[in-house]
Amino acid sequence: MNVAVTGLGATTPLGGDVPSTWSALLAGESGVSPITADWAKTLPVRIAARLRVEPTEVLDRVQARRLDRCEQVALIAAREAWADAGRPRVDPERLAVVIGTGTGGVLTLLGQDDVLERSGARRVSPRAVTMLMANGPAAVVSLELGARGGAHTPVSACASGAEAIALGLELIRLGRADVVVAGGAEACIHPLVLAGFAQATAHSTRNDDPAGASRPFDATRDGFVIGEGAAVVVLEHVDFAAARAAAPYAVLAGAGVTSDAHHLTSGHTDGQARAIRRALTDADLGADDIDVVHAHATSTPHGDLTEAEAIGDAIGLHAVVTATKSMTGHLFGAAGSLNALAAILALRDQVVPPTINLREQDPQIKLDVVTGGPRAGRVGAALVNSFGFGGHNACLVFLAGAGGGQR
């Protein structure tokens, strides 16, 4: 059974909502900029993809103070998605929330640890635990919407957001919910996180070229650029959406989730290809049916090559490929849901956003990567890839037509 996508919400390094983010993606804009704070001066990494619109400009001041930044962005994206879906009138027992994250409230955790060390236990915030817990974003969104059908939190590194959408699909298919608000949220731009990724040689150190630092599939790529934000979709049982005359953006037709059992940080072609094939089987599609791949493509030397091999193994080289992390940076737990949002809009508008900073494609990568500007053409089926440390693989298949692509 396919599931309708009826609402979209986001706050990203390219815009404070879905329309501004989508316009920037099509325009090939970069959301990466220098970190000018004093704490970054001694770090080997001094660039990041910060939010274009600060959450405090959107949320009530008191509410914002009580939420970690990860919870803030999840709430902002969920509110937009819920409003975009027309605020479905659904039995609270049939409404579920699934918000994935890679690090949860790590800014609160590290910040409150500093308070403890500096000023003692009595100065630690009484809200520290509810702000740092990984399930905080899902909890906050479920409270906002009055969802009583479950509040779930996949924590599978950079695959979390896509896995959240996959779980939303299953909840509806299993008859446990009529509507699911699903996606991912992340906010972890902090000196410890940046230093750790720098030591692991996973983060780009092109401090003198922020906008050009994230360069998926390029022969000179040297790592990802950390980003922050959230992307959320509203999923509905097709009959429920039809009964309220909701016009879907697209349909979620399938999902595939696997694990590599290979290496903690190094992805494996076989595990990724198996996830792609599972998603295709779940969607009852063949490899030739996929028109576009929204690649995970973080801009790491090993990761991009591994994914290119997996795509070639699982579906071949006929599909066009885009890597939007070249513009947004890597949103970790929100990366998969942001890629899903871009795929859904590509199906609606029949246009694929470009990959920027691809000046010399790695000769080992034979994919047809969209560059130079958006590429228009028939887009009937889109594959979304999302892979994370720990060997987590989550792939989604979205379709236009057949009830989708009407918005």
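Look a little higher up for the structure.
In what follows, the accompanying structure is described. Counting restarts for each chain, with residues numbered from 1 along the sequence as it is written. In keeping with the predicted nature of the model, local features appear solely for residues at pLDDT of at least 70, side-chain atom pairs appear and are counted solely at 80 or more, and the whole-chain, interface and lining totals rest on all residues. Side-chain metrics rest on all non-hydrogen atoms present in the structure, leaving aside hydrogens and water.

1. Overview of unusual backbone geometry
As a reminder of what qualifies: The cut-offs for exposure are 20% and 50% of the maximum accessible area for each residue type, with area from a 1.4 Å probe on protein chains only; residues under the lower value are buried, those over the upper are exposed, and the others partly exposed. Helix and strand assignments follow DSSP, with helices taken as H or I runs no shorter than four residues and strands as E runs no shorter than two, numbered in order from the N terminus.
For A157, which is not glycine, the phi torsion reads 55 degrees and is therefore positive. For A157, a relative accessible area of 22% translates into the label partly exposed. Phi is positive for F217, close to 70 degrees, though the residue is something other than glycine. In this structure, F217 sits in the loop between α8 (191–199) and β7 (229–237).

2. Describing the packing of aromatic side chains
Applied cut-off: Aromatic rings from Phe, Tyr and Trp, taking only the six-membered ring of Trp, are treated as a pair when their centres fall within 6.5 Å; an angle between ring planes under 30 degrees marks them as stacked, one over 60 as edge-to-face, and anything in between as tilted.
In total, this model carries three aromatic pairs according to the counting rule given. Plain terms: the ring middles of F197 and F332 are 5.2 Å apart, the flat faces sit at 50 degrees to each other, and that makes the pair tilted. With F197 in helix α8 and F332 in the loop between α12 (325–328) and α13 (335–349), this pair connects stretches of sequence that are 135 residues apart. Overall, F197 belongs to the buried group, its relative accessible area being 18%. With 5.5 Å between their ring centres and 85 degrees between their planes, F224 and F332 make a pair best called edge-to-face. Taken together, the residues F224 in the loop between α8 and β7 and F332 in the loop between α12 and α13 connect sequence positions 108 residues apart. Judged by its relative accessible area of 4%, F224 is buried. Taken together, the ring pairs in this structure connect F197, F224 and F332 into an aromatic cluster.

3. Looking at the sheet that holds β7
Our working rule: One bridge is not enough; two strands pair if DSSP finds at least two bridges between them. In what follows, residue pairs with any heavy atoms lying within 4.5 Å of each other are defined as contacts. Axes here refer to lines fitted to C-alpha atoms; in helices the fit is confined to the stretch in contact. Angles between the N-to-C directions go from 0 to 180 degrees.
Strand order in this open sheet of eleven strands is β5-β4-β6-β7-β1-β8-β15-β14-β9-β10-β12, and the pairing throughout is mixed. On the outer flanks of this sheet lie β5 (151–152) and β12 (368–369), each paired with one strand and no other. Of the pairings in the sheet, the one linking strand β10 (residues 320–322) to β12 comprises two bridges and is parallel in character. Pairing of V321 across the sheet is with V369, part of β12. Packing against the sheet, α13 makes contact with β1 (3–11), β6 (179–186), β7, β8 (250–259), β9 (292–294), β14 (381–388) and β15 (392–399), and its axis sits at approximately 170 degrees to β14.

4. Here we look at the packing of helix α7 (residues 160–173) against α13
Defined as follows: Roughly parallel refers to an angle under 35 degrees, roughly antiparallel to one over 145, roughly perpendicular to one between 65 and 115, and oblique to any angle outside these ranges.
The contact between α7 and α13 brings their axes to 4 Å, and the two run at 65 degrees. Overall, the two elements α7 and α13 adopt an arrangement that is roughly perpendicular. Of α13, the residues touching α7 (which contributes G161, A162 and I165) are G336, S337 and A340.

5. Concerning the pairing of β1
The element β1 is extensively covered by neighbouring structure, given that nine of its nine residues are classed as buried. As paired elements, β1 and β8 share three bridges and run antiparallel to each other. Looking across to β8, one finds that A4 is bridged to V251. Relative to β7, β1 runs antiparallel, the two being bridged by eight bridges. What sits directly across from G7, in β7, is V234.

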